[in-house]
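A closer look at the structure
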Amino acid sequence: MFTLTDLPYSHDALQPYMSKETLEYHHDKHHLAYVNNGNNLIKGSEWEGKSIEDVVVGSFGKNAGLFNNVGQHYNHMHFWNWMKPNGGGSVPGKIEKALVESIGSVDKFKEDFIAAGTTQFGSGWAWLSVKDGKLVVSKTQNGESPLVHGAKPILGVDVWEHSYYIDYRNRRPDYLKAFVEHLINWDYVLEMYENATS
Ligand code: FE2
């Protein structure tokens, strides 16, 4: 059974960068729908009882309904933790070192990450993930994640309109800039990086 866990902060904690109204719709309604649909669709399937990562990877290209909903559940359960009040700020040393080695600099990462989110046509996500021991920036459509492309995500940003339209209307680049500068929870990125590389 998939479950919707509470946000790790109050609904108004990310203001002014992400409003209470956005989180009420995005977490309480959109994410809940993915959880409920995933639970209904997995019943009696070959993936019942498997880990969420195995369901996401296994159903990709085989069961679109199940993949879309469980993929989005996976993405969103991490997304809430990839943000925190007074986020952004300095990057942990270990991540900074890896970004410099793989991408060139922290600033280049920010530029590439924002560009990936801006240029994702339609709904999707922008990512930072570990692939073949290196950090890579990428983008995916709809509910896909780097998991289905042989990589381990350590940071992702939702660029579906439900993530930013109430607060930013059509200004997706402004939302992405605010996410990078004021919302990212680098402690959680570091935790995922350590799990991905251990
Ligand atoms: Fe979303």
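Our structure is the block above this text.
A brief report on the enclosed structure follows.

1. Examining the nonpolar core
- Counting 58 residues, the largest nonpolar core has Phe79, Ile154, Leu155 and Phe179 as its most contacted members.
- Considering each element in turn, this core owes the most residues, seven residues, to helix H8 (residues 186-197).
- Beyond its immediate stretch of four places on either side in the chain, Phe79 contacts Met18, His26, Trp125, Gly156, Val157, Asp158, Ser163, Tyr175 and Phe179.

2. Comments concerning the coordination of the iron ion
- For the iron ion, the full set of protein donor atoms is His26 (NE2), His76 (NE2), Asp158 (OD) and His162 (NE2), and the range of their distances to it is 1.9 to 2.1 Å.
- In this structure, the iron ion is coordinated by four donor atoms arranged in irregular fashion, with angles at the metal of 91 to 144°.
- In primary sequence terms, the donor set of the iron ion follows H-x49-H-x81-D-x3-H. Taken together, the positions of His76 in helix H3 (residues 64-79) and His162 in helix H6 (residues 161-168) put the pair 86 residues apart, joining distant regions of the chain.

3. Considerations on the pairing of strand E2 (residues 134-141)
- By the bridge criterion, eight bridges tie strand E1 (residues 124-131) to E2 in an arrangement that is antiparallel. Counterpart to Trp127 in the pairing with E2 is Ser138.
- Where E1 hands over to E2, the hairpin turn is made up of two residues, of which Asp132 adopts a positive phi near 50°.

About the criteria used
Residues numbered from 1 in each chain as written. Predicted model: local features only at pLDDT ≥ 70, side-chain atom pairs only at ≥ 80, totals over all residues. Heavy atoms only, no water. Core = buried A, V, L, I, M, F, W, Y, C linked by side-chain atoms within 4.5 Å. Buried < 20%, exposed > 50% of the residue type's maximum accessible area, 1.4 Å probe, protein only. Helix = DSSP H or I, 4+ residues; strand = E, 2+ residues; numbered from the N terminus. Contact = heavy atoms within 4.5 Å. Donors = N, O, S within 2.8 Å, 3.2 Å for Na, K, Ca; no water. Tetrahedral: all angles 85-135°; square planar, octahedral: opposite > 155°, others 65-115°. Pairing = 2+ DSSP bridges.

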